[in-house]
Amino acid sequence: MPNDADRPLAVIRCLAYNHAAYIRQTLEGFISQETTFPFVVIVHDDASTDSTAEIIREYAEKYPHIIKPILQTENQYSKHDGSLARAVNGATFATGAKYLALCEGDDYWTDPLKLQMQVDFLEAHTDYGMCYTKVTDYNQSLRKVTREWGGPAETFYELLKKNTVPTLSSIFLVSLYKEYLDTVCPSEKSWQMGDYPMWLYFALKSKIKFMDKVTGCYRVLTESACHTRSLQRQYSFKKSYFAIKDYFVNTFDIRPDDNQYEELQRIKYFDLLPSAVILNDRTLIEEAGDFFKTHSKRKRDYMLLDFTPITRLLLKIKYRKKGFEF
């Protein structure tokens with residue numbers, strides 16, 4: 001733990017693996033930040049097989065007061081034993097920083113005032129635990145920006161309905177993050193995303209601020225956890241997304257009112273049902289059927305999916321045109 005004079009006010013956490021083609025742009029986005037306070041960047045390379053570690057080491061030598069590398073010689077993520085989280089969390093907490101910002105090694109910040117703007121707001125509004133902004137999507141295959149995304153979901157119910165928080169734009173209290181880890185114990189869950197449950201917890205325990213400004217760029221790659229050509233992998237990811245919602249509603253006993261709950265369930269099943277039909281997930285189909293059949297105004301919508309072999313065939317044709325593999 002550094003002394004008070006050297007302690008950074010904010011720490012940025014960057015996870016990298018085989019990001020040699022992108023990591024320079026990511027690191028440049030960090031070192032270009034203009035702030036009135038000290039900050040550091042924990043850059044964790046998980047034993048990349050390309051030159052990612054060498055590039056990180058180059059920046060650490062050039063900017064030793066900012067870039068703090070963790071260069072693994074053995075891949076920690078593949079162990080599935082929590083070693084990756086322990087490494088990055090331990091390093092994060094050791095800085096003594098008050099705020100934590102996130103940015104993966106293939107994304108990057110575009111606004112040199114991002115960190116200053118967000119910390120200024122949180123310092124002036126102590127009832128807020130987190131803030132975030134909009135970002136642009138850069139499609140790596142098309143090599144162009146395709147959209148802006150990120151929007152005002154500042155309450156628990158809004159976030160429960162839809163996640164509109166770009167991870168690379170977020171910054172939040174380290175103390176709130178520690179509380180989340182101790183209370184929810186995400187390392188013990190089989191969730192396929194680490195950010196969304198944090199946003200839900202933060203919304204329960206504090207206020208969240210959306211800043212209507214683009215501060216970074218999210219790189220859309222052909223294959224990632226949330227972008228994949230495999231219908232089975234995408235379906236598994238979506239099911240995990242909805243499992244997180246169910247966990248928070250049930251665990252924290254904060255079920256929305258009946259109309260809100262029905263809307264959430266309708267969103268869930270209409271999102272999952274086409275893939276469930278193609279992949280013949282009978283459990284999900286029957287679960288959806290139980291829901292729709294008890295809500296007469298939704299029954300007709302449900303019956304449009306008659307789950308016959310013809311339906312599955314037509315859905316497969318539709319999804320194959322979108323580039324999915326089964």
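Up top you'll find the structure we're talking about.
What counts, and at which threshold
- Residues numbered from 1 in each chain as written.
- Predicted model: local features only at pLDDT ≥ 70, side-chain atom pairs only at ≥ 80, totals over all residues.
- Heavy atoms only, no water.
- Pairing = 2+ DSSP bridges.
- Helix = DSSP H or I, 4+ residues; strand = E, 2+ residues; numbered from the N terminus.
- Right-handed = clockwise from strand over helix to strand, strands pointing away.
- Axes fitted to C-alpha atoms, helices over the stretch in contact; angles between N-to-C directions.
- Parallel < 35°, antiparallel > 145°, perpendicular 65-115°, else oblique.
- Left-handed = near helix turned anticlockwise from the far one by under 90°.
- Contact = heavy atoms within 4.5 Å.
- Nonpolar A, V, L, I, M, F, W, Y, C, P; charged D, E, K, R; others polar.

Asks: Hey, could you run me through the pairing of strand S3 (residues 67–71) in this one?
Replies: The two faces of a sheet get side chains in turn, since along a regular strand they alternate between them. As defined by bridge partners, strand S2 (residues 39–45) adjoins S3 across 5 bridges and the pair is classed as parallel. Residue pairing across strands places Val41 opposite Ile67, the latter belonging to S3. Between the parallel elements S2 and S3, the chain passes through helix H2 (residues 52–62) in a crossover that is right-handed.

Asks: Would you take a moment to explain the packing of helix H1 (residues 23–31) against H2 for this structure?
Replies: Each pair of packed helices gets described by two things: the angle between the helix axes and the distance between those axes. Contact geometry of H1 with H2 gives a least axis separation of 10 Å together with a crossing angle of 25°. Taken together, the axis directions place H1 and H2 in an arrangement best described as roughly parallel. Relative to H2, the crossing made by H1 is right-handed. Judged by residue contacts, Ile23, Arg24, Leu27, Glu28 and Ile31 of H1 engage Ile55, Ile56, Glu58 and Tyr59 from H2. Within the contact of H1 with H2, the residues separate by chemical class into 6 nonpolar, no polar and 3 charged.

Asks: Please explain the environment of Asp107 as it appears in this structure.
Replies: Relative to the helices and strands, Asp107 is located in the loop between strand S4 (99–102) and strand S5 (108–109). For the pair formed by Asp107 and Lys161, sequence separation is 54 residues and the distance between their alpha carbons is 25 Å. Among all residues touching Asp107, those that are not within four sequence positions of it are Thr26, Leu168, Cys217, Tyr218 and Arg219.

Everything listed here is a matter of coordinates, which is why it stays silent on function.
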